[in-house]
Amino acid sequence: MSGGPTTFTPCDHEHLDALVTAMSTFSPCVELADRWGSRLAAVLDQGGRLLAAGNGGSAAQAQHLTAELVGRYRLDRRPFSAICLSAETSTLTAVFNDYPPEELFARQVEAHGREGDVLVLLSTSGRSPNVVEAARRGRERGLTVWALTGPAPNPLAEVAHEVLTVDAEFTATVQELHLVAVHILCAGLDRSLGVLPARTTEDVPPVRRPA
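Residues numbered from 1 in each chain as written. Predicted model: local features only at pLDDT ≥ 70, side-chain atom pairs only at ≥ 80, totals over all residues. Heavy atoms only, no water.

1. As for the sheet that holds strand 1 (residues 50–54)
Spatially, five strands are ordered 2-1-3-4-5 in an open sheet, and the strand pairing comes out parallel. At either end of the open sheet lies a strand with only one pairing partner, and these are strand 2 (82–84) and strand 5 (162–165). With direction set aside, neighbouring strand axes in the sheet form an average angle of 15 degrees. Here strand 3 (residues 118–123) runs beside strand 4 (residues 144–149); their pairing, made up of six bridges, is parallel. Note that in strand 4 the partner of valine 118 across the bridge is threonine 144. Contacts from helix 2 (residues 27–45) reach strand 1, strand 3, strand 4 and strand 5, with the element oriented near 140 degrees to strand 5. Across the sheet, helix 6 (residues 129–140) is in contact with strand 1, strand 3 and strand 4; its angle to strand 3 comes to roughly 165 degrees. (Pairing = 2+ DSSP bridges. Helix = DSSP H or I, 4+ residues; strand = E, 2+ residues; numbered from the N terminus. Axes fitted to C-alpha atoms, helices over the stretch in contact; angles between N-to-C directions. Contact = heavy atoms within 4.5 Å.)

Pasting the structure below:
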C-alpha cells in the first residue's frame, strides 16, 4: 500500500474488522517497539533526552509518549527528560510566523536535541514536510531518529534510522496501532530499568492469532 492510509474510516464493526486485519501483520512492530524501549532506557538512564513530534492525532500520541516518560507508565520510577515538540504552543506559533512551515519542529530539534538523544516522529502518511525535515535535522545533529508511520515506502521512513510501519488502509487504524506501539515501548523501557519483573518463558502467554 504505497499510497498511504485514506481519510475515510469504516463504521461500527467494519472499524474493528480493519483493526483486526492490521493486527495480523503487526508482530514485527511489537518486537521493534520492545527493542526501542530497551535502547531508550539506556539513553535516558545516562542522562539523554527524548524528543517527540507529530501533527494532529499523531501530535496527541507524541505527547502521550512524553507524558509516560516524565510521569510513569505503570509502576513508579524516576522521571526522564522528554519533550513533545508539537505541544510547545508559543514556540510553534513563533516559528510558524517567522520561518517556513518545514521549520516547525526542525528548529526545536536543533535547539533541544543533543548528540545521542532520541527523536521519535509519528506520521500516518509519512509525508508531512515538517516531520520529514525534523528527521533530517535530527540526523544532522547526531540524534537517533525513530519513525512511526503507515504503509511504506514514504519519505519519513527513508530519512529515519529505523521505522515502525503499520500496514493499514485507514488513518484511524494506523493511529490505534501506533498507540499500542507506544505502550509496548514504555513497558520495554520499564522492564530494562528493572521497574517491571523480568519475564520468564512461563510468564509469556501464548500468542493468539486472528482466525
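2. So, helix 5 (residues 103–112)
Every buried residue of helix 5 is listed here: Glu103, Leu104, Phe105, Ala106, Gln108 and Val109. Turning to helix 5, the residues buried within the fold contact strand 1, helix 4 (89–98), strand 3 and helix 6. (Buried < 20%, exposed > 50% of the residue type's maximum accessible area, 1.4 Å probe, protein only.)

3. Focus: the environment of phenylalanine 96
Along the chain, the position of phenylalanine 96 falls in helix 4. Residue classification places phenylalanine 96 among the exposed residues on the basis of a relative accessible area of 51%. With residues up to four places along the chain from it excluded, the contact list for phenylalanine 96 reads Pro101 and Leu104.

4. A short note on the environment of leucine 16
Among the structural elements, leucine 16 can be located in helix 1 (residues 12–23). Since its relative accessible area comes to 47%, leucine 16 is described here as partly exposed.

5. Here's the deal with the environment of glycine 194
The residue glycine 194 is located in the segment after helix 8 (171–192) in this model. Each C-alpha atom, one on glycine 194 and one on arginine 77, is 9.5 Å from the other, the two residues being 117 residues apart in sequence.

6. Focus on the packing of helix 3 (residues 57–70) against helix 8
Following both chains from N to C, one finds helix 3 and helix 8 inclined at 15 degrees, their axes separated by 10 Å at the closest point. In terms of orientation, helix 3 and helix 8 fall into the roughly parallel class. Of the two possible hands of crossing, helix 3 and helix 8 adopt the one that is right-handed. In this structure, helix 3 uses Gly57, Ser58, Gln61, His64, Leu65, Glu68 and Leu69 to contact helix 8, whose residues at the interface are Gln175, His178, Leu179, Val182, His183, Leu185, Cys186 and Leu189. When grouped by side-chain class, the residues that make up the contact of helix 3 with helix 8 number seven nonpolar, seven polar and one charged. (Parallel < 35°, antiparallel > 145°, perpendicular 65-115°, else oblique. Left-handed = near helix turned anticlockwise from the far one by under 90°. Nonpolar A, V, L, I, M, F, W, Y, C, P; charged D, E, K, R; others polar.)

7. Considerations on the pairing of strand 3
Across the six residues of strand 3, six count as buried, placing the element largely inside the fold. Side-chain alternation along strand 3 places Val118, Val120 and Leu122 on one buried face and Leu119, Leu121 and Ser123 on a second face that is also buried. Sheet analysis places strand 1 next to strand 3, joined by five bridges and oriented parallel. By the bridge assignment for strand 3, leucine 51 is matched with leucine 119. This β-α-β element, strand 3 to helix 6 to strand 4, shows right-handed connectivity. (Right-handed = clockwise from strand over helix to strand, strands pointing away.)

8. Focus on unusual backbone geometry
A cis amide bond links alanine 152 to the next residue, proline 153, at an omega of 5 degrees. If you trace the backbone, proline 153 turns up in the loop between strand 4 and helix 7 (155–159).

9. Remarks on the packing of aromatic side chains
A full pass over the atoms with the stated rule returns one aromatic pair. An angle of 0 degrees between the planes, with centres 4.8 Å apart, marks the rings of tryptophan 36 and tryptophan 146 as stacked. Here the residue tryptophan 36 occupies a position in helix 2, and tryptophan 146 occupies one in strand 4, the gap between them amounting to 110 residues. Note on tryptophan 36: relative accessible area 1%, which makes it buried. (Phe/Tyr/Trp six-rings, centres within 6.5 Å; stacked < 30°, edge-to-face > 60°.)

10. Let's talk about the side chain of threonine 149
By secondary structure assignment, the location of threonine 149 is in strand 4. Judged by its relative accessible area of 0%, threonine 149 falls in the buried class.

Note that every value here comes from positions in space, so none of it alone points to a role or purpose.
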